[in-house]
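Each chain is listed here by its residues.
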Amino acid sequence: MVIRKLSTLLVPCALAISAVILFSDLAQTTSKNADWQHLKDGRDVFLAACAACHGMDGAGNKQSSVAFETELPDFTDCNFTSREPAADWYQIARIGGPVRGFDPMMPAFGEALTPEQLESSITHIKSFCADDKWPDGVFNLPKALVTGKAYPEDEYMFLFSFTPGGLTEFQGKFVTEKRLGARHQLELAAPFVVKQIMREGSDESAWGEGVGDIALGYKLNLLASIRSLTIISLSTEVLLPTGDEYDEIGKGYFRFEPFITMGQIIPHVGFLQLQAGAELSTRPEKGAHELFWRGTYGQSFSKDGYGRTWSPMVEILGARELEDDANVEWHVVPEVQVTLNQRQHIMFCMGAKIPLTDFDSGDIQYMAYLLWDWFDGGFTEGW
Ligand code: HEC
């Protein structure tokens, strides 16, 4: 009787202790003790080196069957697996979880597995999401200050701009983007403006301030081809007349903005992001329709392929009102984006929008944003 009682206590204890030893061993010494040299196929590498924690089916073992607290990711969830570029995951598997601000329970396999084996295990992990309508995370290119992105995303952004010019203007804009399923995204952009204005009939400037024209947007991803490294989306935005017209903070009428965005990755050369569309006025007698087109070229650099990422970019912006005597306005925007934390999901970008037509140095607009890709973690996580 006593022995039975004892064994009901001892067996789970012994199991728990051996599990702790096994998993801390796996977490710390996979780099030395494993002999997986003969494995070639990604599935075999995964089963030998990864499945003890990540589960044979990639869904992640329950905490009850691994001896640590950290929750394991579910690689069968396309909403998660499609977003992460294989190159980032390769570095996590090579150097270990902490390289991207993850738990040290995710071991480093750089010594135990060859680069080819690591690559094939990541390809296998990515294949747990079999549904190809989810655009891959490689298309989540650095956001330019003005040109829109084609990738549907989950993020918060605070954009700040300052135009010192003849009439000073400050603008803060809060943008939230929420992805819905594989290919849809909603957006809300709320600007707050403080600006110097010249009222008619007065020769002294006054200050206007307030919430500007709020925009609501919808984006539909049409194509994301890994073969040609191209992503294309269609978007439409409605600009609401929420800004005060008298203070020149808003335009005072509804506008609709349909546009197309495209991203093209050119291996070893960088990336292009293109956008073209129209701003359609509902009160043509107050403001004309306008066409716009924007192009960004940039390239990302990170030390050894995993450190802080710097992305210098340059944008060329063109716009023309649809009126007979209107001129084309051109701007150039040199800028640089940098990731701030280890997880690399918090970014900062800074640049200047410089007029190329009617150049007046006072009209240069200085711009900066702080961007938080919140799907990848909380604001304070992964530093
Ligand atoms: C000892 C257990 C363990 C083993 C073995 C293991 N992992 Fe992990 N892995 C984890 C844990 C725990 C996490 C989650 C870390 C976190 O969320 O902070 C993780 C996370 C990851 C991630 C990051 C996912 C994300 O959130 O972006 C990748 C990629 C990954 N593992 C790949 C692998 C590969 C490939 C192998 C085999 C070569 C492997 N893991 C073996 C425990 C393990």
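Residues numbered from 1 in each chain as written. Predicted model: local features only at pLDDT ≥ 70, side-chain atom pairs only at ≥ 80, totals over all residues. Heavy atoms only, no water.

Caption draft 1: View of the pattern of salt bridges. Here the structure, examined in full by the defined rule, presents 16 salt bridges. As a salt-bridge pair, glutamate 153 and lysine 219 come within 3.7 Å of each other at their nearest N and O atoms. Here glutamate 153 is found in the loop between α5 (115-126) and β1 (155-163), whereas its partner lysine 219 is found in strand β5 (residues 215-225), with 66 residues between them in sequence. Close ionic contact of glutamate 285 with arginine 283 constitutes a salt bridge, the shortest N to O distance being 2.9 Å. (Salt bridge = Lys/Arg side-chain N within 4 Å of Asp/Glu carboxyl O. Helix = DSSP H or I, 4+ residues; strand = E, 2+ residues; numbered from the N terminus.)

Caption draft 2: Structural context of the site of the ligand. Looking at the ligand, there are 24 residues lining it, with Cys50, Cys53, His54, Asp103 and Met106 nearest. Take tryptophan 89: an N or O atom from its side chain is 3.0 Å from an oxygen atom of the ligand. Interatomic distance of 2.7 Å between a backbone N/O atom of aspartate 103 and an oxygen atom of the ligand. Those elements giving two or more residues to the shell around the ligand turn out to be α2 (42-54), α4 (86-95) and α5. The biggest single contributor to the shell around the ligand is α2, with 4 residues. Its residues placed into classes, the shell around the ligand shows 19 nonpolar, 3 polar and 2 charged. (Near = heavy atom within 4 Å. Polar contact = N/O pair within 3.5 Å; in protein donor to acceptor, adjacent residues only side chain to side chain. Nonpolar A, V, L, I, M, F, W, Y, C, P; charged D, E, K, R; others polar.)

Keep in mind these numbers describe shape, not what the thing actually does.
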